[in-house]
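Inside the fold
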Amino acid sequence: MRSGFVAIIGRPNVGKSTFLNTVIGKKIAIMSNKPQTTRNTISGVLTEEDSQIIFIDTPGIHKPHNELGARMTKSAYQSTRGVDAILWMISAKEHFTLGEEMILDNIKNTNTPVFLCINKIDLLKNRNEIDKIILEYKDKFNFKGIYPISALENQNIVHVLNDIKEVLPEGPQYYPTDMITDHPERFLIAEIIREKVLHNTEEEIPHSVAVVIDMLKKNEDNPNIIDCYASIYVERKSQKGIIIGAGGGMLKKISSQARKDIINILGSKVYLEVWVKVKEDWRNRENALKSFGYGDDNF
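All figures in this text were calculated on a predicted structure; none of them were measured in a lab.

**Points about the packing of helix α7 (residues 237-244) against helix α8 (residues 249-266)**
Two packed helices can be described by the angle between their axes and the distance between those axes. At their nearest, the axes of α7 and α8 sit 5 Å apart, and the two run at 65 degrees to each other. On α8, the residues touching Ile242, Ile243 and Ile244 of α7 are Gly249, Met250, Leu251 and Ile254. Classifying every residue of the contact of α7 with α8 by side-chain character gives 6 nonpolar, 1 polar and no charged.

This is the structure in structure tokens:
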């Protein structure tokens, strides 16, 4: 048995969470086309007959504009320490920028094997672009391997997994065979609700939202139903109005979409009730960050 931990790092929107979900075979990390969708580190456990790989999906590395952003970036960098391998993911549609330079500066002195994945090759009109990207990166760092992949279409991922296994040490199976993530149900449900807000809103709204599960319990009258009460927090009253929508229409849409995914996670009927509340400038307030699960020890 080979087993170990692999940190997935990269800039926002390069497909880290899509990769994790594809590898695990089930949705455990939320996805959207908005930058900084992932805020906390998400662990996904892939167990096979001869190996167990614990992937750590990290927040996209970016130049922070508030305390939350600073903690997210710090968390991503810290995740590269003490792991058995690092998987650096870039987008085939983007060039080497200061963002990649920041990541390179952070890992250049590491002794940990680093694998480079060039994701989103399915979006390239000319596959010759792949060779150009490989040439651009191969002299910048001594990568253990460089892989053109499509996380969305599951292209070439098996080669990445096989080579990662080769560098993992012999060790124990850290998690039970049927366990795919170490995050509790409350965390996953809160992330699902936040994902639906991301999908249905624009401008500053997605970045200003935090979700808290106030209560999750079996219905007292019907044990086959799970009662879930949640709060969506925003920073301004105007944002609250947008999420609620005319006649409550937007909030109903968000709740309906979230309920379907929550049912899949819990395997039970769900009663979901969601409120929208205002906590001004919460992304820069220590107490609010901690209560919403973004304290220094929560990542």
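**Concerning the packing of helix α6 (residues 185-200) against α8**
Where α6 contacts α8, the axes come no closer than 9 Å and their chain directions differ by 145 degrees. The handedness of the crossing between α6 and α8 comes out as right-handed. Taking contact as the criterion, the partners of Glu185, Leu188, Ile189, Ile192, Ile193, Glu195, Lys196, Val197 and Asn200 in α6 are, on α8, Met250, Lys253, Ile254, Gln257, Ala258, Asp261, Ile262, Ile265 and Leu266. Broken down by class, the residue content of the contact of α6 with α8 amounts to 11 nonpolar, 2 polar and 5 charged.

**Regarding the side chain of Glu195**
Structurally, Glu195 is set in helix α6. Glu195 gets classed as buried once you look at its relative accessible area, which sits at 1%. Once residues lying within four places of it in the same chain are set aside, the contact partners of Glu195 are Lys27, Ile30, Met31 and Asp261.

**Re the side chain of Thr58**
Of note, Thr58 is situated in the loop between β3 (51-57) and α2 (67-78). On the basis of relative accessible area, Thr58 is assigned to the buried category, the value being 0%. Among the polar contacts listed, one links the side chain of Thr58 to the backbone oxygen of Ile8, at a separation of 2.6 Å.

What counts, and at which threshold
Residues numbered from 1 in each chain as written. Predicted model: local features only at pLDDT ≥ 70, side-chain atom pairs only at ≥ 80, totals over all residues. Heavy atoms only, no water. Axes fitted to C-alpha atoms, helices over the stretch in contact; angles between N-to-C directions. Helix = DSSP H or I, 4+ residues; strand = E, 2+ residues; numbered from the N terminus. Contact = heavy atoms within 4.5 Å. Nonpolar A, V, L, I, M, F, W, Y, C, P; charged D, E, K, R; others polar. Left-handed = near helix turned anticlockwise from the far one by under 90°. Buried < 20%, exposed > 50% of the residue type's maximum accessible area, 1.4 Å probe, protein only. Polar contact = N/O pair within 3.5 Å; in protein donor to acceptor, adjacent residues only side chain to side chain.

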